[in-house]
Structures are given as C-alpha cells and as structure tokens.
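Residues per chain, in single letters:
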Protein chains: 4
Amino acid sequence: MPRLAIHRLAMAHPGDMSDLAAQISAGKIEPKAVRAIIGKTEGNGGLNDFTRGYFTQSLMALLSLHTGEAAAALAARIPCVLSGGTEGALSPHAMVFSVLDEAPPSGSRGLALGTAFSAPCPAHEIGRMAQVEAVRATVLAAMGDAGITRPEDVALVQVKAPAPQSFSPDHPPRTTDAKLAMALSRAAAALGVALALGDVPTVTEEALLADTSLYTNRASISSGIEVLANEVVVLGHADGWAPGIGIAVRPMADLLDLPAICTAFADLGFTATPSVPEAERHRILGVLAKGEPDKRGTIRGQRHTMLGDTDLDAQRHLRGALGAIVAAVAGDGRIFCSGGAEHQGPAGGGLICVLAREG
Amino acid sequence: MPRLAIHRLAMAHPGDMSDLAAQISAGKIEPKAVRAIIGKTEGNGGLNDFTRGYFTQSLMALLSLHTGEAAAALAARIPCVLSGGTEGALSPHAMVFSVLDEAPPSGSRGLALGTAFSAPCPAHEIGRMAQVEAVRATVLAAMGDAGITRPEDVALVQVKAPAPQSFSPDHPPRTTDAKLAMALSRAAAALGVALALGDVPTVTEEALLADTSLYTNRASISSGIEVLANEVVVLGHADGWAPGIGIAVRPMADLLDLPAICTAFADLGFTATPSVPEAERHRILGVLAKGEPDKRGTIRGQRHTMLGDTDLDAQRHLRGALGAIVAAVAGDGRIFCSGGAEHQGPAGGGLICVLAREG
Amino acid sequence: MPRLAIHRLAMAHPGDMSDLAAQISAGKIEPKAVRAIIGKTEGNGGLNDFTRGYFTQSLMALLSLHTGEAAAALAARIPCVLSGGTEGALSPHAMVFSVLDEAPPSGSRGLALGTAFSAPCPAHEIGRMAQVEAVRATVLAAMGDAGITRPEDVALVQVKAPAPQSFSPDHPPRTTDAKLAMALSRAAAALGVALALGDVPTVTEEALLADTSLYTNRASISSGIEVLANEVVVLGHADGWAPGIGIAVRPMADLLDLPAICTAFADLGFTATPSVPEAERHRILGVLAKGEPDKRGTIRGQRHTMLGDTDLDAQRHLRGALGAIVAAVAGDGRIFCSGGAEHQGPAGGGLICVLAREG
Amino acid sequence: MPRLAIHRLAMAHPGDMSDLAAQISAGKIEPKAVRAIIGKTEGNGGLNDFTRGYFTQSLMALLSLHTGEAAAALAARIPCVLSGGTEGALSPHAMVFSVLDEAPPSGSRGLALGTAFSAPCPAHEIGRMAQVEAVRATVLAAMGDAGITRPEDVALVQVKAPAPQSFSPDHPPRTTDAKLAMALSRAAAALGVALALGDVPTVTEEALLADTSLYTNRASISSGIEVLANEVVVLGHADGWAPGIGIAVRPMADLLDLPAICTAFADLGFTATPSVPEAERHRILGVLAKGEPDKRGTIRGQRHTMLGDTDLDAQRHLRGALGAIVAAVAGDGRIFCSGGAEHQGPAGGGLICVLAREG
C-alpha cells in the first residue's frame, strides 16, 4: 500500500544540501522513494534567477550519490518545482514528497500523489493550444499514476511549465518577449489543467491571458527555462493509499483575502483565529499560495504601486505581501508563495493550499 | 472646544494634490485648521527617496495658496511626517490632522493632538544625548500643546527626526555612515520619547542601538534629511476635547504577530475575526504600523533573507510584509507602515496603532 | 541679433534650485531669456521616476518668482526635457538654454535654437501616424522659430514626447503596456524628426519599432507622462545669430564606439586623445548621448546581460555604461545620457553630441 | 619548461560548462594542467550572489569527471576567483590559467604563475593583523611556487579572501556587519600583498580602511563567503618559463582615468588610440580592472550618486561604469571588473591589467 510522506528541508543557501543529507542519514528520507520536490529558493524569481538551477543541480547530485541513478535520469523523472524569491517573511525551504510502499494493503483511502512529464515542448508550441493539450493529457497521466479516477478527487495540480530558450526561424514562437512567453506558458498550463479537471469546458488560444473568466482553483503553475517539458504533480484522494495527510485548497478572491487562508487551515482542524497556535504548528507539512498583482492597479479601490515600479519587479512585490499574510496565519515563514496566477483563480486573486498531518 | 478631525488623501503621484484641493473646495478640510500630516509616498524609503520632498513642497504650496501664509512658515509649524515605500499591498495616501475650534465647550474628554518642534539639531548632536534630551523636551511641549497632563494619557508619539546633511570639521558627527546616522537618529528620538513618557527610567548614549531591552511601545519614529529639527506629534486623551475618535495601540512581538493587529482593531469595537468587514471599514480613519527585519536573521526559528539582499533593501522587504498583514486585517491598503523600529518595541517586533471614528 | 547662451546647473537633489538662484543673482542667467532646459535627475528613469516632476515644479516656481509669469504658463512655453537616472559616473545637472537679444546686428551666422509645442497628443494617437505627423510639423515650426531654413542646417532635434496617462474606452490606445507605449512614442517622434529633416523618405505605422533600417542620427527623444504635447527643441545653424558656440553630432555604431565620441570632441577642436585635457574642459557647454541595450543580446559577439535582469532595469544598465564611456572622454560626469534610442541611430547604437564654446 | 596558457570561456548561464567541455574535447584545454580560474558571473556581486557558488560547483564537477580527482580536492588546490556582476557592457566569462610542462627547457624567461592557499582563516581573524600576516606569507609561497625570486618581478597578485560565515561567542569578530567584514577582509588581504611586495613598509590594524595612503598597485582582491582560506594567484616574470605572454599593469587615478587604460594596452604593443582595432583583438587573453565609487561623493568635483542609492548597490554602479570604459578600449565586454579596491590603488582609483599574447 503506498503511503505519501512529506518532509521539509531547510537550506543555508541554494546549494546547501546538508539538511537533506542529515535526514537521509537519520533514515527519515528514503532517497529511492523521492517522487517530487516543491520549494522556494532565495533568488529574484525572474529570468536571471539561477538559484533554481543551483538547487536542482545540488539536489540531484546528492540523490544520485545515494541512489546510484544518474543525476540526469533523476531530473527526468522527479519533478523539481522551484519558485525563486523569498521576500519579506518568507523562508527558503523545500518540501520533499516521497511515496513509500508499505505493507499491509488495506481498504483505506488517502492522499495520493502522481507525476508525469509531457514530451519536450518546443518553443513554438509554448502558449498555444498544443501546450494546452499536452498539459491536459499529462495531468490525466499523473492522475493515472496516482490512481485517482475522478476529476473531483483531485485537490491540487502543480505544474512546472517550460519557457522558450531559443527559437528556430522555421517555427516562429507566439512571442519573442521573454516575460510574456513565461506568462503564456503559465496560462496554457493552467487551462490545460482546467480542461483535464473539467473546470472549464473548452479553451481557445485567444483566451490565454485574455479571458479572465476562465480559471481553475486547483492549479498552481510556475514556468522557467530550466525545464523543457511540462512537469506535473497531482495531489488528490484515491483508494488504496494510506491515510494520515489532509489537504485543503481554497480560492482567494484578492490579495487581502485573509479569511480564505484561515478557512483553509480550519478545514484541516487548525484553530486559525487568526493564527495557528504554536502547539498545533507541528502538524503543518506544507503551505502553498498563488497570487497576482491586480492588473487593474487597485485593490478594493485603493491604488497599489506593484505594476509600475522600475526598481522592484511586480512579482517580488506580490510575493512579499502574499507570503507575509499566509505566514502570519501559519505562524511560520516556510510558505511556497508564487506569483503569476493567470487562470489559477479570479483576476487579482489566487489560491491557498495547506497540507497537514491529520490531528 | 477643540475637535480633532482626520481626513485621508489619495494621490495619483507624490505631487498630486487634486484630492486635497477637492476636499478643501468641498468644505471638508479647512486649510487653516491643518495641524499635522502623516503619509506614505511611493518612493523607496531610503536616502535617495525624493517623493517625500516633492509631496511636502506640493502640499505646502497648496496650503499657502489657501491660507495666505508662506509655504516656508507652514513647513516650520506643521509637521509633515512622510514615510516612503508602498511595497506590495500598500497604497500611497496621507492622513491630514486638523483641529477645529468648535463651540460649545463642555466637560467632555476626547482624543487630543499636540505638536512641537525642537530647535534645529546640528549634525554632531544626532544620535547623541543632546538629541535624546531635545526630543524628551519637545514631547513634553507637544503634550502641553494638546493639554495632556499625564504621561499615561499619551497614546502615540510620532516623530520626524533629522538626518545629517553635512558635517563641520570642527564638530565631528557620531558616524559618517548615512544609514547608521539615520538609525541613530531614530534610536535617540525613540528613547527621548521613552524618557518623556516614563517608559524607561534613564538612557545613556551607549545604549542607543545596543540595549534592545530599552523601548517604548508608544513611539513611531522616522528620520530623514528633509527636516532639520525634531518634529513631534502627540496623540492622547485630554479634558476639553470633543469626543468621537478612538485610538488603539498595541505592541507587536514579531513580524507575524497577527493577533496583536486583530486585537487593536477589536479594542475599537471592530469585528476583526480576522478581517474588518466591509460594512465597518468606513469607521477607520488611519492605521500605523512599525516593524523591523529581525536582526538575528530568523523569525520563529526560520531563516529570513531580508538582511542580506543586495538587490532589495531590508526596509523595503519589511514594509511589504508588515504592510500586507495589517492591510489584510483592515481590508484596505492605506496603512502608514514604516521600518526602522529601533527602541519602539521589542527586538524584531513593532507596534500597531488604529484610529477610528467611534461606532 | 539673437545670441544663444548655455549655462550648466548643479543640484544637491532634484528640488534644489540654489545654483539657478545664485546664477540669476549673479546676473549670469537672465530668467526672461530662458528658452529650454535639458537635464539629468537622479531617479531611476522609469515610470515611477518622480524626480523629473519635482525638478520641473521647483524650476518653474523659481522662474515664476523672477519673471512674474505663472508657473503653468512657463511650463507651456519652455521645454523642460529631463532624463532620470545618473548611474555610475553620471552627475545630476541641467543645461539652461537662453536666447539673448543683443545689439548690434550683423551679417554673422551662428548656432540657433528654436522651440515649438504640438497640440496635446491624446493617448490613442501615441505611437501612431498622427503623432509622427504632429512631430514632423512641430520640428518644422521649431526650425522656423530658430530661423533655420534648410534641413541640412539642423544639428540636433531634442524631443520630449508624451506617454499615455489614461485611456478613453471610446478611443483605444495602440497598446496598454506602459513601457511599450513609451517606446512607441519615442519611435513615432524619432521618425517624425526623420521625415522633417529628410533623413527618411516615408514612414508607415507598421515600421515603428519594427524597421530598424529607418533612423535619423540627428534626433534625441525622451518620453514621459509628465508632458501632454510633443515638445521640440531644435539646434542648428542660421543666419543672423551670434557666433561663438560650436556643435558636433556623430552617430555611434554600438555601445563601445569610443572612437565616435573622441571624433565628436575633435570636431570642435578638442585634443581628445583619448580624454579632453583639464585645460580645455572649460570650453565644454554640454554633452548628450543616446544609446540602446543591443536587442540581439550581444555586443560584438559577446553576450551581455542588460535585457534579462529582473533586479536592474535595462535602461539603468545602459546609461551606467554609455554615460561612463562618454564621461571618460569629456573628463566630467555631466553628460545628458539617455536610453531608448529607437530610430535614433542603428540598432544597438546611438549618437553623441557635444556643445562647446569656440576655442 | 613550464608554459603558461590562458583560455577564455563563454557561458550561457553560471552553470553552463559547455564551452569548457568543448575546449577540453578539442584538446585546447588540458584538464590536469588547470591551475587557476578568474571569472565574472552574472549575479549581483553581493552577499546573496550565488552564481559564484553555482559556477564553481559546475566547474569542479566537470574537471573532476575529466581528471578523476574529487571535486573537493580540486577546489582545495585550484583557486577559483569569481566576481559577480556583469552590469552594462560586461560579458560573463572566465579565464582558465593552465601550466603545461613542455620540453625542451631553455634559458628563457617568461610570465610565470604560482598559487598558494593560507590555512583556513577563522572569522575572528578576518580584518585583523593575523589575516594580513597570513596573506603576506601566502603571497611569498605563491611566488615560490612560480619561481619568482624578487618582489619587483611580480606583476599582479589576485586574492580571494574569506568573509565570515558564522561567529563563535568565544572569539568575537572585528565586526558583525557583513558588508564591512567583506571590506575589512579585502583591506587586510591588500595590505598583506603590499607587505609581501614591499609596496608598504609596515601595517597596523588601525590602518585598515582608514589610511588610504597605504596601497599597492599590484593587488586585485575579492572576498566572499564561498572560501575559507586566503587563495592567492601570483603572476610575474621568472626564469625558466616559456615566453609568449605579456602583462601590463597600470594604476588608475580615478574612475575616468581612460588614459591609464589606453597606456596599459599600448604597453603590450596595441594601437589603443583610443580603441584596440579589431585586427589586434585576437591577441588579448584577459583584462582585469579594479575600482571604487569615490567615497568623497564626487569625481573631479562633480557629484555622483553611487553611494546613496537605496535601489542599486554602489558596487553595481561602479562595475557598470568602469567595465564599460575598459570594454570600450578593449573592444570587447569580457573584462574582469570588480569593485572593492580598498588599498589597491589611490582613494577613488584602481588598477587596470592586460594579458596578451605577444605580437
């Protein structure tokens, strides 16, 4: 019977694997059982954030040492979804998802994890229907990997989608603007998830980044040049998995939607009125949040300045704000907080997801 | 009988006085009654933040037009305390404090405001006992101006303290490091307030920035090169003032002290569980918050990255995080959120202050 | 007989007019004779750079005091072309261009200055043929103002072009992307200049930002939300103007085109081999440079990192580099160095312009 | 007979070793002969610049693959001196220094390279006389390694000095300010070099960062937390080395000292009037430059804004400016340009070093 386990890693810098090494030595983490990593590194989260590549290289090297499998092979089967930028109260950390095969099987039902990779996505397919379709199919494959049979049993889909690295003159990309290409990739991936889960009925290429009424509240998407394929991690409920881990996902209506965050924690039995008390915090296994600087330039009618700041990227503004609100509820800065929430919630909003050991 | 009135200004940019002009035209703000301004402008909050000077110049020019008093004379008697930096959810805005003389007098007691300016503080006195003493005396003068007779009746002291502009070789300053000089000025002002209010018994020059056990929870200090004297605004309760405005001030133990924020709102009758509902928000007249990037490099044991970021100033990190948490409770981004909380709360902590129309 | 005079102002900060006040008091600058200002302020040069507005407000207030003309009227007739950003070796400063009417007339020929403003340019005309045409006509008007009769006598056209502040739903703008709108405005203005000077035969809207083969080497364009019309300053040679000031303008093939800079100085008789010696520097009246981060991502085959830096805007990178190279030749950091050189030189290149008292 | 060889690497990002792999495959670089690396990566150059660690990890992994020597052992014997920050015209690159043992020996004399590592330097010795002494001794050891017998034969000493990572309460460091500690480490290393070369007679701890009259023009120092010991590379002339590579080192009086740069190139036979022509550029093997934002706040009497910019680190300003000036002479952005030139030249100045194949 498979059992999902989640461990959190601290890091002194993006290349510091001493905590992972210690948890492996202590027998807490079984290297061969690692199936996915979701983490925050302390870069700027933008095009020139190399902390993601540094962490991935360091991680795969250590896992390779312990498993005997080549680092490149590990990277091709273990999604490593990193978001750069630990502004404000956020703390660099990673969640390591392992699946352990533990006897005896039983008639239980629990939180399941599945992963899948699409074929490499060429630059000219990014932000087009080809990518939407590829992600849709990859989500279904990851659901199959987890043994999740019904879309309504999916709690969250985390995708790392590719950004174009170079262009072929024979196959022009949808845009040559690197930031726009990253946003289009997130949009295509989000709507691919939405199709797979039945959260939207149909999608056209024109709708990407344009029709904000189309979204799913169960997708968290990052894009970056460090991946070539769409890498998908699905979390949901399936028969035959060991119980013990709860997941709560709630949409956030806007950046200041503190009640949604408290509700997500309350869904899992926490006393979040308003902050999770210290005595309960040990149950938290991971917290994820997605959000967006509201493109209308205001939040609840008051002007914000995130979008026009030449010195400070809008996503750094967003993460510092959203991350702090979530951390204030969780009582802990280890929040996977990421911007770029296109089609992952209402315009200007986002989502909150809590993973916890059942109380 | 004096009555305190607080109006909030929106601004499209730091030189935009159209909202003030409109509120004057509409008879809401009486230019001659303006006694103090506390506001946030959208600069970087650092040494080269000129949005504060631009706002002040624009404001004093408009008030001069309406009062016939020279702009320089207005600037010499009306404290204009600005904090640059509206990171994340924060919204540029200003609070205009007016005192109206309204009949009939009565035996009432209400929220009082007093102001005072110290003599110009030369560069070599900044961050030294001379400044501590000057601020102590100026706070007492501002209390007298407000008619506040007992230190325990003071709710909050807002100070704009000078930073050195230039040095005389005959009178060496305590430091030639501009950032350190600004911090020393805040420290001296905070401990001057603490002495005046009896929150600490004695102060020595060596204690500035060193002895974090010395602090008051009733001071909010900014420093900047745009002022030459210590400018003090005192808010507290006094006989003979019209009732109608409540104030709540609470210390924050650390950056994530969300309960303290909710409690401050609850003190004034708001249903902050966890956010102030839309129907109650019209009562809010102003919210102030001070905080600090924890100098130990961790918050509740988790590493933060605010202090070692070469690209993004630690105070910008701090304001984006603290401001968002407070805004999420208030339901509104118009928070006067300011970093540099030396001796204004426990190490790594700060304070929250809410001003509201009584319900 | 008109005589052009150029004075340079130092400033301690963007609102500091003490040097202008001193030069007026000393009789060096005649307030009523001021016709144009071109300067560098120390902001970030981007959308949220308010140092330009602060300087302009401070300058017009001082000129108003001395001329008795309302500040708004002065701003409507005196072009004040500011570029934010004094990275690296650059020094904040402004050039004040005055035209003095001095007897006796004679048959001389000298450097002439003319100015003209287009009608206000609505948001939906920015970056379209309407703006190209408006700038073309305004350049011709400014040439007429200067008495310059032949396009080949024009040495340099400096334009401050508007950026959209708000949009009407009835008249959609060409783009809602603020940075792109600023670039389109610069492109339209540059090609309007090119048409007026005969440097390109025809222009279509599609060519803006697309056809890099279309350019003039005699235009220097800035755009910003602080102006509503296209403000044009023309410098060139005309009969009836007093001699005494020389101008040299040279194209720069790329960012590292140091020989072009030395040649421009040599054109005016300087010994720039490679730097202007101290004994000759007093003759320099002003230096202007325009350039661009090469959009191909390389300079002479080596990769540069200006275009993909999330922490540091590409134009700040560019100004720091170009400004330093020019300053190293001039021996002085007072260079009007500005990015955004679309259609103002070859792709990745720019121009250098030197103004000097004749030796 | 040893022969020094220098190869330059391009990189698409800090973890990209494809150029090194290609040069190894092509037989150009012999992995076992690599003795030192000096390079620029595209980070911010500050405390949180992890591009240096990422490059080093990637490089040592590749060399380990080719030499069979453990990566940690390679890192302990091959100095890898990286400077982060490729602002403006600068291009990410690295210089690989190899020493090949080639017959036949002869009576020749040529450019020699020697390396040495001090013992690990504990945090409390950084910026103190213990570090000065350690660097002095390590320079002498590196000279011995190169076979350089006289101080006057040393052309340049490149040092990578440690910055404190953590502190022991039993051994307090000289400062807990991380930036200051890095500067003190550079200062101690520079004066250690100066003592070894006889460029200053004596040094006291109080002189570090204080007595700017003490300096050597033959040291280039970086400091960072990625090293634990003082790593020294010495370049100079010694008997028994193959001829063929020339080195020129010149002091720069200030940031705008363009003539010094041209002179250094001219020293090696280049026609740098002012730029090295394309036909000669193939001879350039490496260019190094050190400089400082002038702490007086002015350059040749004009105010600069590098030191008070809250948004942009002073060293990023400096590198963008200095790097561009040097690149404009070299005609190539591959310049090892680094700030932090304490005691490595006169106040506000620095040095320029050119390595070239003899013509």
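Residues numbered from 1 in each chain as written. Chains lettered and ligands numbered in written order. Predicted model: local features only at pLDDT ≥ 70, side-chain atom pairs only at ≥ 80, totals over all residues. Heavy atoms only, no water.

Visitor: Give me the pairing of strand β7 (residues 219–224) of chain C: which residues, what numbers.
Guide: Residues and elements named next belong to chain C. Counting buried positions along β7 gives six out of six residues, so the element sits mostly inside the fold. Where burial is concerned, the two faces of β7 agree: the one with A219, I221 and S223 and the one with S220, S222 and G224 are both buried. Bridging between strand β6 (residues 154–162) and β7 involves six bridges; their strand directions are parallel. Its bridge partner lying in β7, V159 is registered against I221. (Buried < 20%, exposed > 50% of the residue type's maximum accessible area, 1.4 Å probe, protein only. Helix = DSSP H or I, 4+ residues; strand = E, 2+ residues; numbered from the N terminus. Pairing = 2+ DSSP bridges.)

Visitor: Break down the side chain of R334 of chain D for me, with residues and values.
Guide: Mapped onto the elements of the fold, R334 of chain D is located in the loop between α7 (314–330) and β13 (336–338). For R334 of chain D, a relative accessible area of 19% gives the class buried. Within the structure, R334 of chain D has its side chain in polar contact with the side chain of Q302 of chain C (distance 3.4 Å). Side chain to side chain, R334 of chain D and D332 of chain D meet in a polar contact 2.8 Å long. With residues near it in sequence (within four places) discarded, R334 of chain D still touches Q302 of chain C together with R8, S91, H93 and V287 of chain D. (Polar contact = N/O pair within 3.5 Å; in protein donor to acceptor, adjacent residues only side chain to side chain. Contact = heavy atoms within 4.5 Å.)

Visitor: Outline helix α6 (residues 258–267) of chain C, supporting the account with residue identities and numerical values.
Guide: Buried within α6 of chain C we find L258, A260, I261, C262, A264 and F265 of chain C. Buried residues in α6 of chain C make contact with β9 (245–252), β10 (284–290), α7 (314–330) and β14 (350–357) of chain C together with α6 (258–267) and α7 of chain D. Just past α6 of chain C, the residue G269 of chain C takes up positive phi, approximately 90°.

Visitor: Report on the domain arrangement of chain A, specifying residues and quantitative values.
Guide: All names here are of chain A. Along its sequence, chain A is carved into domain 1 (2–101), domain 2 (109–236) and domain 3 (244–357). One C-alpha centre belongs to domain 1, the other to domain 3; they are set 22 Å apart. On the domain 3 side, the residues contacting the 22 residues of domain 1 number 20 residues. Roughly 1700 Å² of surface becomes buried between domain 1 and domain 3 when both sides are summed, with 62% attributable to carbon and sulfur atoms. By the criterion of area lost to domain 3, the three top residues of domain 1 are R8, E87 and L90, representing 36% of everything that side buries. Remark: the boundary between domain 1 and domain 3 carries two salt bridges. Of the charged contacts in the structure, one is a salt bridge between E87 and R316, with a shortest N-O distance of 2.8 Å. At the junction of domain 1 and domain 3, the tally comes to seven residue pairs in polar contact (both at pLDDT 80 or more). The set of elements that each furnish at least two residues to the side of domain 1 that touches domain 3 consists of β1 (2–10), β2 (34–41), β3 (80–84) and β4 (93–101). (Domains from an automatic or database assignment. Buried area = accessible area lost by both parts, 1.4 Å probe. Salt bridge = Lys/Arg side-chain N within 4 Å of Asp/Glu carboxyl O.)

Visitor: Got a sec to walk through the relation of the copies chain B and chain C? Specific residues and values, please.
Guide: In the superposition of chain B on chain C (RMSD 0.0 Å, axial shift 0.0 Å), the rotation amounts to 180°. The transformation just described matches what one would write down for a two-fold rotation axis. The rotation axis passes nearest to the C-alpha of Y54 of chain B in chain B, at a distance of 2.8 Å. An overlap of 100% is found between the interface residues of chain B and their copies at the interface of chain C, pointing to a shared contact surface. (Least-squares fit on C-alpha atoms with pLDDT ≥ 70 in both.)

Visitor: An account of the relation of the copies chain A and chain B is needed here, citing residue identities and associated values.
Guide: Once turned by 180° and shifted 0.0 Å along the axis, chain A lies on chain B with an RMSD of 0.0 Å. Most of the interface of chain A is mirrored in chain B: 100% of its interface residues are interface residues there too.

Visitor: If you had to explain the interface of chain A and chain B to someone new, which residues and values would you point to?
Guide: Interfaces are often sized by the accessible area lost when the parts come together. Every contact between the two is made by 41 residues of chain A and, on the other side, 41 residues of chain B. Buried surface at the junction of chain A and chain B, both sides included, amounts to about 3000 Å², of which 57% is carbon and sulfur. Joining chain A to chain B, the criterion identifies four salt bridges. Applying the counting criterion to the chain A and chain B interface returns 16 residue pairs in polar contact (both at pLDDT 80 or more). Secondary-structure elements contributing two or more residues to the side of chain A that touches chain B are α6 (258–267), β12 (302–303) and α7 (314–330) of chain A. Residues belonging to the side of chain A that touches chain B are distributed by class as follows: 20 nonpolar, eleven polar and ten charged. (Nonpolar A, V, L, I, M, F, W, Y, C, P; charged D, E, K, R; others polar.)

Visitor: Go over the layout of surface pockets with me, naming the residues and quoting the values.
Guide: Residue and element names in this part refer to chain D. Estimated volume of the second largest pocket: approximately 360 Å³. As for the second largest pocket, its lining consists of 19 residues, and the residues nearest its centre are I6, H282, I284, L285 and R357. Taken together, the elements giving at least two residues each to the lining of the second largest pocket come down to β1 (2–10) and β10 (284–290). Here the lining of the second largest pocket gets six residues from one element, more than from any other, and that element is β1. Shared between two domains, the lining of the second largest pocket holds at least three residues of each, these being domain 1 (2–101) and domain 3 (244–357). (1 Å grid on protein atoms, 1.4 Å probe; cavity = no way out; pocket = protein on both sides within 12 Å on 5 of 7 lines; lining within 4 Å. Points joined across faces, edges and corners; volume = space filled by probe spheres on them.)

Visitor: Just give me the short version of the sheet that holds strand β7 (residues 219–224) of chain D, but keep the residues and values in it.
Guide: Residues and elements named next belong to chain D. Pairing in this open sheet of four strands is mixed, and the strands run β5-β8-β6-β7 from one edge to the other. Two strands lie at the open edges of the sheet, namely β5 (109–120) and β7, each paired on one side alone. Averaged over all pairs of adjacent strands, the angle between strand axes in this sheet comes to 15°, irrespective of strand direction. One ladder, built from six bridges, connects strand β6 (residues 154–162) with strand β8 (residues 229–239); its direction is antiparallel. Its bridge partner lying in β8, L156 is registered against L235. Along the sheet face, helix α4 (residues 129–146) touches β5, β6 and β8 and points at about 140° away from the line of β5. This element, helix α5 (residues 178–197), spans β6 and β7 of the sheet and lies at about 150° to β7. (Axes fitted to C-alpha atoms, helices over the stretch in contact; angles between N-to-C directions.)

Visitor: Can you explain the interface of chain B and chain C? Please cite residues and give values.
Guide: Facing the ten residues of chain B at the interface are ten residues of chain C. A per-residue breakdown of the area chain B buries against chain C is headed by F50, Y54 and Q57 of chain B, which together make up 60% of the total. Between chain B and chain C we count zero salt bridges in total. Here chain B and chain C share two residue pairs in polar contact (both at pLDDT 80 or more) between them. Of the residues assigned to the side of chain B that touches chain C, the class counts are three nonpolar, five polar and two charged.

Visitor: Please give an account of the sheet that holds strand β4 (residues 93–101) of chain D that cites residues and values.
Guide: All names here are of chain D. Here four strands make up an open sheet; going across it, the order is β1-β4-β2-β3 and the pairing mixed. Two strands close off the open sheet at either side, each with one partner strand: β1 and β3 (80–84). Put simply, the sheet's adjacent strands are angled 10° from each other on average, direction ignored. One ladder, built from nine bridges, connects β1 with β4; its direction is antiparallel. Within β4, the residue paired with R8 across the bridge is M95.

Visitor: An account of the packing of α6 of chain A against α7 of chain A is needed here, citing residue identities and associated values.
Guide: Residues and elements named next belong to chain A. Taken N-terminus to C-terminus, the directions of α6 and α7 make an angle of 40°; their axes are 10 Å apart at the nearest point. When the axes of α6 and α7 are compared, the pair comes out oblique. Judged by the twist between their axes, the crossing of α6 over α7 is right-handed. Contacts between α6 and α7 involve L258, I261, C262 and F265 from the former and I325, V326, V329 and A330 from the latter. Of the residues contributing to the contact of α6 with α7, the split by class is eight nonpolar, no polar and no charged. (Parallel < 35°, antiparallel > 145°, perpendicular 65-115°, else oblique. Left-handed = near helix turned anticlockwise from the far one by under 90°.)

Visitor: Pulling in residues and values, what's your account of the environment of V232 of chain B?
Guide: All names here are of chain B. Within the element layout of this structure, V232 appears in strand β8 (residues 231–239). Overall, the relative accessible area of 0% leaves V232 in the buried class. Along the sequence, V232 and K160 sit 72 residues apart, while their C-alpha atoms lie 6.6 Å from each other.

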